[in-house]
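Read off the chains here:
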Amino acid sequence: MLPLSTTPQTRSRYWDIVRGIGILSIVMGHCFSHAVIYVYTYHLAIFFFVSGFLYNEKRYGQDPFAHIGAKLKSSWPNYMLYMSLFVLLHNPFQIMGINAPAQHYTPSQTLAHLGNSLVFYGAEPMGGALWFVPVWVLACGIFGGIAWFSLRFSRPFLILIPVSLMLSCVGAFLMFREVFLFYRVHLVFLVQPFFAAGWLLKTKLPQFRRFLAWYIALPCALFLGFLVNAWQLHIDIAVGRIGNGWQFFFLAFLGIYCCMTLADLLDKIDGLGRLFALWGRYSFDIMALHFLIFKLMDVSYGRLYHHPLEYYSAFPHAFGGILWPVYVLLGTTFPALLGYGLERLKKASLA
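Quantities reported herein were computed from a predicted structural model and do not represent experimental measurements.

Section: helix 13 (residues 246-266)
A rise of 1.5 Å per residue sets the reference length of helix 13, with its 21 residues, at 30 Å; its end C-alpha atoms lie 30 Å apart and thus fit the reference within 8%. With 16 of 21 residues buried, helix 13 is to be regarded as a mostly interior element.

Structure below.
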């Protein structure tokens, strides 16, 4: 049920593994405090990069509206499924302690929140990570328009690269001036170079995996960690923290290279490769459900050890120092298996 994917006939296990590493990094960033400052440098950027690499110019190069339409077709139903579920369960979640103590919804408020979800404007705590979905859809749409325009020329990269950089500068300017637009359109502009870099890698260096080496990635990872600490950075593009701009991009590309190299290694290990590919294929489901998994574990643990409701209802988790390995394992694998099951049911119903 992941929107960030190719069709089943053209899926790449390698890129599913890359996305699996990306979604694992997101889950770790939400539950393991020691990982936050490192994984936040690249964990969202990698999804934009992969989408740029997988952009299909043969299908969408003549019709950019078909490109954004395809992204809406794959992401909107899944967004509505999960966000509507969270809205309808808001009051029971309040009673159980899954949501932090707050006002119960009246029937009118429930309808209002369901209506807002129709336009990617859901506000449920358990669906908080889904803020990324409309940003991704709009960013794909903008990149599709840039690609469509660039492909009109004999050397499209000479147009695509500078236009992407120009839009990124606009996004950075808006963020530095604290001009935060609806649907985080400032962020949509900012991330265009990741799409461009992915597309450029595919078109200019199709044999890129020959250049992925652990003895390069390891120093890159150590250098990333050193710079984060030396610069005292806590990157968080969702709230506009990108250092001085170029710091974010430099660290993000270091992280992306490390993830690509790790994916290349995992692709050669059948069991681990299949697990990470499963996470990557159903990363939408993981994005949507990992907060809920955290809170279900918190409720179970809190009641088992008789903690008060006000303690174990903390968001996004209450026992990260103790339970983070279990958060990571169940917060990735259980939603992925659920997504797999839902996909099989859908196929069976259409057969």
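So that's the structure; there's more coming.
Points about the packing of aromatic side chains
Applying the stated criterion across every chain yields a total of 34 aromatic pairs. The interplanar angle of 75 degrees and the centroid separation of 5.5 Å between the aromatic rings of Trp231 and Trp246 together place this pair among those described as edge-to-face. Taken together, the residues span a long stretch of sequence, with Trp231 in helix 12 (residues 214-231) and Trp246 in helix 13 at a distance of 15 residues. Look at Phe291 and Phe315: their rings are 5.0 Å apart centre to centre, the planes differ by 70 degrees, and that puts the pair in the edge-to-face class. With Phe291 in helix 15 (residues 283-304) and Phe315 in the loop between helix 16 (309-312) and helix 17 (320-350), this pair connects stretches of sequence that are 24 residues apart. Judged by its relative accessible area of 41%, Phe315 falls in the partly exposed class. Counting every residue linked through ring pairs, the aromatic cluster contains Phe47, Phe48, Tyr55, Trp131, Phe132, Phe143 and Phe195.

A word on unusual backbone geometry
Residues Phe315 and Pro316 are joined by a peptide bond in cis, for which omega reads 5 degrees. Relative to the elements of secondary structure, Pro316 occurs in the loop between helix 16 and helix 17. Positive phi, close to 60 degrees, is recorded for His306, a residue that is not glycine. You can see His306 is positioned in the loop between helix 15 and helix 16. For His306, a relative accessible area of 71% corresponds to the exposed category.

Brief notes about the nonpolar core
Ranked by internal contacts, the top residues of the largest apolar core, which has 107 residues, are Trp15, Phe48, Leu130, Phe194, Phe248 and Met260. Considering each element in turn, this core owes the most residues, 12 residues, to helix 13. Look past the residues within four positions of Trp15 in its chain and what remains in contact with it is Phe49, Val50, Phe53, Leu54, Phe208 and Met260.

Details of the packing of helix 5 (residues 64-88) against helix 7 (residues 107-117)
Relative to each other, helix 5 and helix 7 sit at 165 degrees, their axes nearing to 9 Å. In terms of orientation, helix 5 lies roughly antiparallel with respect to helix 7. Where helix 5 crosses over helix 7, the handedness of that crossing is right-handed. Each of Trp76, Tyr79, Met80, Met83, Ser84, Val87 and Leu88 in helix 5 lies in contact with helix 7, whose residues at this interface are Thr110, His113, Leu114 and Ser117. Within the contact of helix 5 with helix 7, the residues separate by chemical class into seven nonpolar, four polar and no charged.

Quick notes on the environment of Arg152
Mapped onto the elements of the fold, Arg152 is located in the loop between helix 8 (132-150) and helix 9 (157-176). According to the relative accessible area criterion, Arg152 is partly exposed, its value standing at 39%. For the pair Arg152 and Gln62, spaced 90 residues apart in sequence, the C-alpha to C-alpha distance is 9.2 Å. With sequence-adjacent residues up to four places away left out, Arg152 is seen in contact with Gly61 and Gln62. At 3.2 Å, the side chain of Arg152 forms a polar contact with the side chain of Gln62.

Overview of helix 12
A turn of α-helix holds 3.6 residues, and therefore any two residues three or four places apart point the same way. For helix 12, with 18 residues, the first-to-last C-alpha span of 25 Å sits near the 26 Å given by 1.5 Å per residue. Every buried residue of helix 12 is listed here: Ala217, Cys220, Leu224, Gly225, Leu227 and Val228. On an axial view of helix 12, the arc spanned by its buried residues comes to 165 degrees, and they lie on one face. Along helix 12, exposed side chains directed more than 90 degrees from the buried face belong to Tyr215, Leu222 and Phe226. Buried residues along helix 12 sit against helix 2 (36-39) and helix 13. Looking one or two residues beyond helix 12, the residue adopting positive phi is Gln232, at roughly 55 degrees.

Quick look at a nonpolar patch on the surface
The grouping of Leu72, Trp76, Leu118, Val119, Tyr121, Leu138, Phe182 and Tyr183 at the surface amounts to a nonpolar patch, some 730 Å² of accessible area in total. The residue Phe182 is located in the loop between helix 9 and helix 10 (185-190) in this model.

Criteria and cut-off values
Residues numbered from 1 in each chain as written. Predicted model: local features only at pLDDT ≥ 70, side-chain atom pairs only at ≥ 80, totals over all residues. Heavy atoms only, no water. Helix = DSSP H or I, 4+ residues; strand = E, 2+ residues; numbered from the N terminus. Expected span 1.5 Å × (residues − 1). Buried < 20%, exposed > 50% of the residue type's maximum accessible area, 1.4 Å probe, protein only. Phe/Tyr/Trp six-rings, centres within 6.5 Å; stacked < 30°, edge-to-face > 60°. Core = buried A, V, L, I, M, F, W, Y, C linked by side-chain atoms within 4.5 Å. Contact = heavy atoms within 4.5 Å. Axes fitted to C-alpha atoms, helices over the stretch in contact; angles between N-to-C directions. Parallel < 35°, antiparallel > 145°, perpendicular 65-115°, else oblique. Left-handed = near helix turned anticlockwise from the far one by under 90°. Nonpolar A, V, L, I, M, F, W, Y, C, P; charged D, E, K, R; others polar. Polar contact = N/O pair within 3.5 Å; in protein donor to acceptor, adjacent residues only side chain to side chain. Arc of directions from axis to C-beta. Patch = residues over 30% accessible without salt bridge, like charges linked within 9 Å, V, L, I, M, F, W, Y side chains within 5 Å. Areas by Shrake-Rupley, 256 points an atom, 1.4 Å probe, with all protein chains shown as cover. Salt bridge = Lys/Arg side-chain N within 4 Å of Asp/Glu carboxyl O.

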